[in-house]
Each structure stands twice: as structure tokens, then as C-alpha cells.
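# Report on the structure
Next come the chains, spelled out residue by residue.
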Amino acid sequence: FTPGSNGVRSSTQLNARQPILLASFNLISDGWELEGGFLPSFLDCGRRKLTFENANCLFHFVFKMNPATEADALNLANGFVALLNEMADTCAMDDVEGCTEVVLFPPYPFISKVKDIVSKEGITVGSQQIFYEDKGAFTGSVSASMVKSIGCEYVLCGHSERRTLFSDSDSNINAKVKKVLEFGMKPILCIGETQQEYDLDITQEVCAMQVSKDLKGVSKEEMQNVVIAYEPVWAIGTGLVCDADAAHHSVLAKMYGDEVAQATRIQYGGSVTPDSVDGLLAKSDIDGCLVGGASLFSDKFARICNFKAE
Ligand SMILES: O=C(CO)COP(=O)(O)O
């Protein structure tokens, strides 16, 4: 492909991929036998802080394996809080409607102390990963009960880096999604095609397969706690931004009606920065962003939360 001059793939480049979630949810619906197309709303899903003009958005900031020390992580968290305090905020802590939900995903050792700093600002924390077993001789692993017990509300499942670097299979991801739900937390299922799959024009098939395998056995009712993050692998950490037409709610609406389309939260991830966020969130079909690299800079974090849809 040829990226646009600003590193953003244009919609013409993405025409072929627009029905990704149509295909994906078609497969899911075969398993669910959806009737009448109702899924409960996601709007009860947690903390919120900011109002601005951005109602009901869901921003997840994933630190990945950064920063190097606890002191650095706490500095970052304090920086977020300081900047948020400078911003207009009309959301009460227990507001839901019209407020933006912000969740941080620090590495395990920093979760509790970061949570202590940011929770008074209405920001909550999540876990970048869990193992699907409850307990036992699984050296180096962390269970759902452990992260739940320190206040994690969300858990990432199926991130492309886990799929490729740590051989996370679809069946393992499915087991993790179910374990997260069993413990009353919310899985964020990450899906997305690689560069090679994009070039082969099999994006739809790849995403459909991931969704159908990774959500196998997840009920309609449980789906109210599932978030889907569409993250093209080629866009992660590269500066290239998919225009995310692929994550189009209207394809869901055509199949299941508006209620389902509105109830399903779809995030976009892949090189979300202060420069790209406004354009991305101007698309009514994107409900929020999953942010990696920009999470490590408090000014970028603050600007992303305070996006202005173009
Ligand atoms: O992988 C990501 C979030 O999960 C995206 O990472 P970047 O924002 O660094 O591209």
C-alpha cells in the first residue's frame, strides 16, 4: 500500500475492508441465534471523568512493558492527574451518560499504586493480560482473581503482541475472555489483520474468524460486558492510521437493528495520537480508542482525552 502523505490510509485504500464487522458478527450470530437483535447497552461500564464534547467515549491507555521503574510510572500517573485537573470537567464521579471513561493499563507491578493516584480522578485501571487457569503451578502467570482483587475492571484479550510474541491461540484467548467474564470483569477483545493479510485482501475473513473463535460460547447477556478493539497490526506503533471505516456500526445496524449497533462498543487502536484522534473520533461509529505509545506522555494522554471531533 501507499500511505497518504500524513501517514493516514485513505478511505479509498480501505474500501475493501469496510464490512469487517458485518462478516464477524454474522458468524457470531450463527452461534447466538439472535432474535430481535437486542443487546444491552454498554453505558453502565464504569468510571468516567471528562465531559468536553465527547459523550460516552471509552479510552484505554496501555503502557505495554513501560516505563522502566515504579517511580517513572507514578510520575506519569501524577502527570495525568495534574493535567486533568486543569481541564473543564462537569462529570460527577457517578455520572454515566455523556461522560468519557478513561482506563489505564500499567504493567502488573505498578497497577495498585497507579490506581491509588488516578482513582480519585474517576480513572480506573485494567490488566494487560491474565492466564485462564484459576491457580496453581503456572510460574510467572497472573490469574483473573488476582487482578480483580486489586481493582482491575478491564482485561485485554487477544492483543496482537500476545498473539504473535507469546503464541496466544484463539482457543486460549477464548478461555481468557470467558475467565474475565466469570470474574465480573470486562474483556477487551483485540482483533485485526497483519500487513500480509491486508495485502492479501483477507482482512474480513481474518477478523471474522478471530471474533467467532475468541467469543465462542459467550452469551448475548455476557456481550454487554465485552468491548471489541479493532487494531490493524500494520497500524500499531507505525504511525500509520487506519481511517477505521472498517469498524462501522452501520453494518451491525443492518443486521441486528440500531439497538445492537449502538450497544456494541468498538474501539480503534493503532497509532492513535493527538494528531490523529480528532479525525478518528469524528467517525460516529468509533466509540473510543485503545492507545499504546502515546500513553507514555502525559500531555499526549490529556490531549487525546480532550479530543475535538472534526
Ligand atoms: O497496540 C496498541 C494498543 O493496544 C496501539 O499501540 P500504538 O498506539 O503505539 O500504535
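Before reading further, recall that the structure is shown in the block above.
The following paragraphs examine the structure supplied in this document.

About the criteria used
Residues numbered from 1 in each chain as written. Predicted model: local features only at pLDDT ≥ 70, side-chain atom pairs only at ≥ 80, totals over all residues. Heavy atoms only, no water. Pairing = 2+ DSSP bridges. Helix = DSSP H or I, 4+ residues; strand = E, 2+ residues; numbered from the N terminus. Axes fitted to C-alpha atoms, helices over the stretch in contact; angles between N-to-C directions. Contact = heavy atoms within 4.5 Å. Polar contact = N/O pair within 3.5 Å; in protein donor to acceptor, adjacent residues only side chain to side chain. Near = heavy atom within 4 Å. Areas by Shrake-Rupley, 256 points an atom, 1.4 Å probe, with all protein chains shown as cover. Disulfide = S-S within 2.5 Å. Buried < 20%, exposed > 50% of the residue type's maximum accessible area, 1.4 Å probe, protein only. Phe/Tyr/Trp six-rings, centres within 6.5 Å; stacked < 30°, edge-to-face > 60°. Lys NZ or Arg CZ within 6 Å of the ring centre and 35° of its normal. 1 Å grid on protein atoms, 1.4 Å probe; cavity = no way out; pocket = protein on both sides within 12 Å on 5 of 7 lines; lining within 4 Å. Points joined across faces, edges and corners; volume = space filled by probe spheres on them. Nonpolar A, V, L, I, M, F, W, Y, C, P; charged D, E, K, R; others polar.

Around the barrel, which closes on itself, the 8 strands sit in the order β1-β2-β3-β4-β5-β6-β7-β8 with parallel pairing between neighbours. Adjacent strand axes in the sheet meet at a mean angle of 25°, parallel and antiparallel pairs treated alike. Pairing analysis gives 5 bridges linking strand β1 (residues 58-62) to strand β2 (residues 101-105), with the strands arranged parallel. For F59, the partnering residue across the bridge sits in β2 and is V102. Its contacts with the sheet put helix α12 (residues 274-281) on β1, β7 (266-269) and β8 (288-291), and the angle it makes with β8 is roughly 150°.

Position of H60 relative to the elements: it lies in strand β1. Within the structure, the side chain of H60 is placed 3.3 Å from the side chain of Q267, a separation counted as a polar contact.

Turning our eyes to something else, we now look at the site of the ligand. Of all residues adjacent to the ligand, which total 13 residues, the nearest are K64, H159, G237, S271 and G293. One nitrogen or oxygen atom from the main chain of S271 is found 2.7 Å from an oxygen atom belonging to the ligand. In the model, an oxygen atom of the ligand is placed 2.9 Å from a nitrogen or oxygen of the G292 main chain. Bound to the protein, the ligand loses 95% of the 310 Å² it would expose on its own.

A word on the state of the cysteines. One covalent bond between the sulfur atoms of two cysteine residues makes up a disulfide. All chains considered together, the criterion is met by 0 disulfides. Note on C57: no disulfide assigned, nearest cysteine sulfur contributed by C289 at a separation of 7.9 Å. For the unlinked cysteine C157, the closest cysteine sulfur is that of C190, found at 7.8 Å.

With that settled, the discussion passes to the pairing of β1. With 5 of its 5 residues buried, β1 lies for the most part within the structure. Neither face of β1 is open: one carries L58, H60 and V62, the other F59 and F61, and all of them are buried. When β1 meets β8, the two strands line up parallel, connected through 4 bridges. Of the residues in β8, the one forming a bridge with F61 is V291.

So, about the packing of aromatic side chains. Two measures describe an aromatic ring pair: the distance that separates the ring centres and the angle between the ring planes. Per the stated rule, a full pass over the model turns up 8 aromatic pairs. A centroid spacing of 5.5 Å and a plane angle of 55° characterise the contact between Y198 and W234, whose relative ring orientation is tilted. Highlighted residues: Y198 in helix α8 (residues 195-199) and W234 in the loop between β6 (227-230) and α10 (249-256), separated in sequence by 36 residues. An identical accessibility class is assigned to Y198 and W234; each is buried. Taken together through their ring pairs, the aromatic side chains of F59, F61, F63, F80, F301 and F307 make up a single cluster. K186 extends its terminal NZ or CZ atom over the ring of Y154, reaching a point 5.6 Å from the ring centre. In this arrangement the basic side chain of K300 is found over the ring face of F297, its NZ or CZ atom lying 4.4 Å from the centre.

When its volume is computed, the largest pocket comes out at roughly 560 Å³. As for the largest pocket, its lining consists of 22 residues, of which M65, Q128, Q129, R162 and F166 are closest to the centre. With 3 residues, the single largest contributor to the lining of the largest pocket is helix α6 (residues 160-165). When the residues that make up the lining of the largest pocket are grouped by side-chain class, the tally is 13 nonpolar, 5 polar and 4 charged.

The next point concerns empty space enclosed by the protein. Enumeration according to the criterion identifies 2 cavities of 30 Å³ or more in this entry. Looking at the second largest cavity, its volume works out to about 40 Å³. Lining the second largest cavity are G158, H159, S160, R163, C190, I191, G192, Q210, E231, V233 and I236. Of all the secondary-structure elements, those providing two or more residues to the lining of the second largest cavity are α6 and β5 (186-191). A class-by-class count of the residues in the lining of the second largest cavity yields 4 nonpolar, 5 polar and 2 charged.

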